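What follows is each chain in one-letter form.
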Amino acid sequence: MAKRILSTLLALMMCLGTTGALAAEEYSLPIAEPGTVELTYMGSDSWCPNVSFKDGLPVQNAIEEATGIKINWDVYSSDLELVIQTRLAAGVNLPDITEIPPFDSTIGVYRYASNGVLIPLNDLIDQYAPNILKLFEKYPSLKAACTSPDGNIYALPGWWGDINEVVPDYIMIRQDWLTKLGLEMPTTPEQWYDVLCAFRDQDPNGNGEKDEVPVVTLNLLATKFFMTGFGFPTNADWWTEDGKTVYYPVDSRYKDFLAWLNKLYTEGLISTDIEGTQRQQVVAQDRAGSYCHDPSDWLAGFDTLCAEANADCDFEFVPMIRGENQEEPLMQKRNSIWRYFGVTKDCKYPEEAVKWIDFCYASEQGQMLYGYGVEGLSYEMVDGKPQFTDYIMHNDVYDPFLALRSIGGYPCYAINDPAQAYLDCFKGSKVETVGNEYKGKMVEPFPTMLGTQEESDLYSEIWPDLQTYLEEMFINFVTGSESLDNFDQYVENAYSMGLEQIIAMKDAQYQRYLSVVGQ
Amino acid sequence: MLANHPARVEKRQNALSRLGYNLSKDKHLLLIILPTVLFYLLFCYWPMYGVVIAFKDFNISLGILGSDWANPLFKHFSSMVNSYYFPRLLRNTLIISVEQLLFNFPLPIIFALLLNEVRSKRLKLVAQTCSYLPHFISMVVVVGIMMDLLSTDGLVNQLVVRMGGAAIPFFNEPDYFRTLYVGSGVWQEFGWNSIIYLAAIAAVDTQQYEASIVDGAGRWKQLWYITLPSIAPTIITLLIINMGWMLNIGYEKIILMYNRATYETADVFSSYVYRKGLLDAQYSFAGAVGLANSAVNIFILLLTNAISKRTCDISIF
């Protein structure tokens, strides 16, 4: 039964997907005779605490059974970037497939490709990866993001293009506190200020102590999500306005925004926990009034976290913050690109490696395993649709999403997270509701692109210091250790450190993006 | 011709047999030091060729020796000096180093001298043990304890609030960083560092004290005229060695303690190298910064050593 559904789906996909000629042939499973091919994967270990791919999780076992390829997991749950960087720099005993640091930029792809550590995958993909090609056709921005300026593909990114349609990432507020204090949902910066003051002063958690933290943050930098209240059209670092690429930290609107944040901070409305290390603790203690910011699955996660202290805890997304007389700002999707991964020069079976990636990353069967797990264990087919079992929906230890991760679902390698399974496992909860509500309403994130040699050199020369400076000054302005009188000096410094070149580079990449996706 | 002179041959043979004799006599001692020698050879001397990375444009697949020379050769050094953050890094590194020396160095000496005056053996033992226990606590735990105690709702701030003050976010204030960093270091290490002075004091000939008592010297005079001069060579040797480490502030504790709000006073060369070299993988640049740092260290070491040699005739080489 399951097979029939799958093949129907597959056929449907193919009909919808494309009419263009696909060069790659469908490969037959298993990809290799069991026991003949082993590949080493270096990267992040499972995102489910206390669970490791090394222990042979059900989903990974099922993938091994289907593909015949055994994966040796060289995976880490901390200091990942350092470990991989050191291993790659050593240049010997490379894994077959590796994640590519540094994770906060795309520069690693250029660096390791030009060093010859990563091999080009274009021909292999064209020949052996029919499903990846289909994915490229469905998402031109994915293809744009992995095509180097020289036209080669050296790496693929973890892909959240599908799931981000239904996972808004924004600021949450305690709806139950608003109701309790008889307050309206705030939308403008002025209303926000009043609400936060009320949270601070009127003891909404009712313990008689003034211990509420009106704004808890992922880290202090995350408070830039409030920017839309000051004329910014969207809540992102980069966007385009009138065809020009704009970066937020030297925009004229930025100063007013900083002044507002500074007021909030000095009046004790924003958490002083700058790196956000205690955020979960504060939420769990029923002290957080609002939270800035995390993806929507945390709406449920935080309620659970706080449940012991207050069973009525109810986090809700707030509407986009906007200034008076301002056009409706647009919510930008979370970036669809997450950590590139590629095949190294030491890989003895590049063909099998690409087929394995194709199976996990893009095939219908692989996606089923990623999103729904293993039939019989995590889901059953009911009326032709997969339905999660109690093991997932009512797990003793985990919430549904984490339960999926605990058996190896939604893995953190070759990521391509399916959206429907995500909604299904949050069925009937507010996570599903907001997912459907925001679907189609968010704008695409500023495209991630790979740099040319000049761009990469420029970037590694300028960006680290500049980034430190911009972030540090944001924090100094907000906490008040730097006076806003020095704002002009700050802008001048940023330009002298090469900001203009960085903006020009991003703009060039944006133009390349447009030409690749054909707009 | 000279080499075959009979006297010389005999002398060489003598030397050889003496060496053989010494080797076999001290073989146990040599065995004991072997791991240390191997450690230094393997982990300190062998990797040293890698400093050339500071003069190269490091390419992973070509390796350190195979990579092209940087053009110009001192490219990475000049980009370090021209970096926007260079003055701040230099300032922070110097200030923290000096503060560390100022507090970390004399306190163990004072503590050892004080401990030496304690009459009760039991009290002495307890005080000593308690003082060096923190040395065995991992740095991560120490910083964790500090963060707990000093967080805005931690014990210290609860006291501050109870007494009518406003909670201070200690770890977000650049002004507190150095005090916290140096203070916790002193707390952790002064007991441990005093052990060597206690040993030196224990080695002082008791007859000297007895003689001075006969001459009518009190406790204070004994300390000033016998104990201190006796341990002075130890103090000066350790001072020279400490000076050699002057600018070597370990990045580990810094990165545990700092955040973007305290970079202003906390960011030092080693933490900068960590961010830029390891996180951004700019190995050549980081190598240059590290090399410059070590060069300054050696310079300070030689300078201190020379001064000490000239003024009080104590030197480490």
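Everything numeric here is computed off the predicted structure, so don't read it as measured data.

Q: I would appreciate a short explanation of the interface of chain B and chain A in the present structure.
A: With 28 residues of chain B at the interface, the matching set in chain A holds 31 residues. The largest share of the area that chain B buries against chain A comes from Ile 60, Tyr 84 and Arg 260 of chain B, three residues that together contribute 29% of it. The interface formed by chain B and chain A contains 5 salt bridges. Between Arg 287 of chain A and Asp 153 of chain B there is a salt bridge whose closest N-O contact spans 3.1 Å. Scanning the region where chain B abuts chain A turns up 12 residue pairs in polar contact (both at pLDDT 80 or more). Those elements that provide at least two residues to the side of chain B that touches chain A are strand 1 (56-59), helix 14 (263-266) and helix 15 (269-279) of chain B. Ranked by residue count, the leading element in the side of chain B that touches chain A is helix 15 of chain B, at 6 residues. Here the side of chain B that touches chain A is composed, by residue class, of 13 nonpolar, 8 polar and 7 charged.

Q: Any chance you could explain the packing of aromatic side chains here in plain terms?
A: Centre-to-centre distance and the angle between the planes together describe a pair of aromatic rings. All names here are of chain B. One pass over the structure, following the stated rule, counts 64 aromatic pairs over all chains. Relative to Tyr 283, the ring of Phe 58 has its centre 5.6 Å away and its plane inclined at 90°; by these criteria the two rings are edge-to-face. You can see Phe 58 sitting in strand 1 and its partner Tyr 283 sitting in helix 16 (residues 283-312), a full 225 residues away along the chain. A relative accessible area of 22% means that Phe 58 is categorised as partly exposed. Tyr 283 gets classed as buried once you look at its relative accessible area, which sits at 18%.

Q: Any chance you could explain the sheet that holds strand 2 (residues 70-76) of chain A here in plain terms?
A: The strands that make up a sheet pair up through hydrogen bonds in the backbone, lying either parallel or antiparallel. All names here are of chain A. Strand order in this open sheet of 5 strands is 2-1-3-11-4, and the pairing throughout is mixed. Edge positions in the sheet fall to strand 2 and strand 4 (156-159), since each of these pairs with one other strand and no more. Looking at each pair of strands side by side, their axes are set apart by 25° on average, direction ignored.

Q: Is there a simple way to explain the packing of helix 6 (residues 106-117) of chain B against helix 7 (residues 121-132) of chain B in this structure?
A: The geometry of a pair of packed helices is captured by two quantities: the angle between their axes and the separation between those axes. Residues and elements named next belong to chain B. The interhelical angle for the contact between helix 6 and helix 7, taken along N-to-C directions, is 160°, at an axis separation of 10 Å. Judged by the inter-axis angle, helix 6 sits roughly antiparallel to helix 7. For the pair helix 6 and helix 7, the sense of crossing is right-handed. Touching Phe 111, Leu 115 and Asn 116 of helix 6 are Lys 124, Ala 127, Gln 128 and Ser 131, all from helix 7. Partitioning the contact of helix 6 with helix 7 into residue classes produces 3 nonpolar, 3 polar and 1 charged.

Reading guide: rules and limits
- Residues numbered from 1 in each chain as written.
- Chains lettered and ligands numbered in written order.
- Predicted model: local features only at pLDDT ≥ 70, side-chain atom pairs only at ≥ 80, totals over all residues.
- Heavy atoms only, no water.
- Contact = heavy atoms within 4.5 Å.
- Buried area = accessible area lost by both parts, 1.4 Å probe.
- Salt bridge = Lys/Arg side-chain N within 4 Å of Asp/Glu carboxyl O.
- Polar contact = N/O pair within 3.5 Å; in protein donor to acceptor, adjacent residues only side chain to side chain.
- Helix = DSSP H or I, 4+ residues; strand = E, 2+ residues; numbered from the N terminus.
- Nonpolar A, V, L, I, M, F, W, Y, C, P; charged D, E, K, R; others polar.
- Phe/Tyr/Trp six-rings, centres within 6.5 Å; stacked < 30°, edge-to-face > 60°.
- Buried < 20%, exposed > 50% of the residue type's maximum accessible area, 1.4 Å probe, protein only.
- Pairing = 2+ DSSP bridges.
- Axes fitted to C-alpha atoms, helices over the stretch in contact; angles between N-to-C directions.
- Parallel < 35°, antiparallel > 145°, perpendicular 65-115°, else oblique.
- Left-handed = near helix turned anticlockwise from the far one by under 90°.

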